[in-house]
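The primary structure of each chain is shown beneath.
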Amino acid sequence: MDISHVILYAIVPIIVVMLAGYISGKKKIFSGDDAKKFNKVVLDYALPAALFVSIVQATREDLVKDIKLTLVSAIGIMACFMLVYFVFRMFKKNTGADAAVSALISGSPTIGFLGFAVLEPIFGTSPSVALVVAIVGIVVNAIGIPVGLSLMNASLEKQNPGSTKKESAWKPVIHALEQPVAWAPILAVIWVLAGIPWPAYLSPSFELIAKANASMAVFSAGITLAAIQITINWQAILGSIMKMIVMPAVVLILGLLFHMDPLNLKMLVVAAALPPAFSGIIIADEYNTYVATGTSSLTLSVILFIGFCPLWIWLTELCLQAF
């Protein structure tokens with residue numbers, strides 16, 4: 001794959017749009033609260049529409065072929081998620097809640113915000129791209145977030161008994177699955193498996209809002225970065241290393257061991273190399289836990305992604321040729 005194409009068509013547009021959002025935030029044209037509203041449009045409307053309309057145009061054969069994609073995504077991402085948690089739990093100053101937020105940030109790719117924005121310019125617009133975004137999104141939102149919240153609440157309860165309500169362990173999972181970004185792709189997969197033909201004339205109604213997904217998500221990310229205080233420290237650097245190097249490396253190794261489809265593996269490695277999940281920062285801010293370091297790690301990872309994205313594509317192609 002031509003690396004210059006990746007840089008010009010995937011990386012540069014993201015930098016330009018994110019920079020526009022960042023400048024708008026610094027000039028007070030938009031605030032952090034505005035970014036949250038934009039994020040809600042992305043997560044509740046644009047992204048679910050993009051995922052649904054793309055997946056329903058796939059075939060049963062496509063879904064069967066992507067079983068390995070699902071397994072590698074779940075095993076690889078959640079293994080890295082728990083690795084980040086246990087590594088950051090070893091720092092003396094960190095509580096279990098701090099480690100849980102670290103996992104939610106550095107152990108989760110921001111697939112919902114940057115997935116389509118990065119993958120489509122590189123790999124084209126196809127049901128395969130949507131399936132990668134959907135599967136990784138389900139792992140992050142329906143598995144990672146509930147696990148992270150459970151670990152965080154357990155730590156907070158231990159520090160301050162009675163500070164959190166006793167809730168069912170399944171409540172975070174159910175809440176995650178209630179979100180459109182989780183149930184929309186699941187509904188689309190069921191639709192395809194049921195063999196129901198998708199009327200082509202319905203697609204434009206979904207695609208109109210879906211087109212706003214990538215641009216609004218990246219612009220909002222720029223506003224968010226402008227609204228937060230950046231302080232680079234060793235934990236922020238370690239978080240970036242684990243996100244930008246360890247996670248894509250683990251996914252690449254697992255993909256090779258599982259003999260994944262080469263194209264799916266390339267897309268999954270790039271998805272794993274995406275910057276940390278913005279949802280982790282939102283949760284950190286809500287609980288007032290590990291906000292400064294988590295935000296710094298996110299910012300550093302966004303900058304590093306400019307170089308690591310083409311690097312991981314090149315390394316994946318090299319490994320596929322060797323194996």
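Keep in mind it's a predicted model, so treat the numbers as computed, not measured. (Residues numbered from 1 in each chain as written. Predicted model: local features only at pLDDT ≥ 70, side-chain atom pairs only at ≥ 80, totals over all residues. Heavy atoms only, no water.)

Novice: Explanation requested: a nonpolar patch on the surface in the structure shown.
Specialist: Together, Ile 7, Leu 8, Tyr 9, Val 12 and Val 16 give the surface a local cluster of nonpolar side chains, amounting to about 450 Å² of exposed area. Looking at the secondary structure, you find Val 16 in helix α1 (residues 3-26). (Patch = residues over 30% accessible without salt bridge, like charges linked within 9 Å, V, L, I, M, F, W, Y side chains within 5 Å. Areas by Shrake-Rupley, 256 points an atom, 1.4 Å probe, with all protein chains shown as cover. Salt bridge = Lys/Arg side-chain N within 4 Å of Asp/Glu carboxyl O. Helix = DSSP H or I, 4+ residues; strand = E, 2+ residues; numbered from the N terminus.)

Novice: What should I look at first to understand helix α4 (residues 67-89) in this one?
Specialist: One turn of an α-helix holds 3.6 residues; hence residues three or four places apart share an orientation. If you check α4, its first and last C-alpha atoms are 33 Å apart, about what 23 residues at 1.5 Å a residue would give, namely 33 Å. Among all positions in α4, only Leu 69, Val 72, Ser 73, Gly 76, Ile 77, Met 78, Cys 80, Phe 81, Val 84, Tyr 85, Val 87 and Phe 88 are buried. (Expected span 1.5 Å × (residues − 1). Buried < 20%, exposed > 50% of the residue type's maximum accessible area, 1.4 Å probe, protein only.)

Novice: Which parts of the structure should I look at to understand the packing of helix α2 (residues 32-55) against helix α11 (residues 212-226)?
Specialist: Remark: α2 packs on α11, axes separated minimally by 9 Å, with the N-to-C direction vectors making an angle of 155°. Between α2 and α11, the angle falls in the class roughly antiparallel. Taken as a pair, α2 and α11 cross one another with a handedness that is left-handed. Residues Gly 32, Ala 35, Phe 38, Asn 39, Val 41, Val 42, Ala 46 and Leu 47 of α2 form the contact with α11, whose own contacting residues are Ala 212, Asn 213, Met 216, Ala 217, Phe 219, Ser 220, Ile 223 and Thr 224. Residues belonging to the contact of α2 with α11 are distributed by class as follows: eleven nonpolar, five polar and no charged. (Axes fitted to C-alpha atoms, helices over the stretch in contact; angles between N-to-C directions. Parallel < 35°, antiparallel > 145°, perpendicular 65-115°, else oblique. Left-handed = near helix turned anticlockwise from the far one by under 90°. Contact = heavy atoms within 4.5 Å. Nonpolar A, V, L, I, M, F, W, Y, C, P; charged D, E, K, R; others polar.)

Novice: I tried to follow the nonpolar core on my own but got confused; where do I start?
Specialist: Across soluble globular proteins, nonpolar side chains show a tendency to be buried alongside one another. Core analysis: the largest hydrophobic core is formed by 93 residues, its most contacted members being Val 118 and Cys 309. Here this core takes 14 residues from helix α7 (residues 127-159), the largest share from any one element. Among all residues touching Val 118, those that are not within four sequence positions of it are Ala 10, Ile 14, Val 270, Leu 274, Phe 305 and Cys 309. (Core = buried A, V, L, I, M, F, W, Y, C linked by side-chain atoms within 4.5 Å.)

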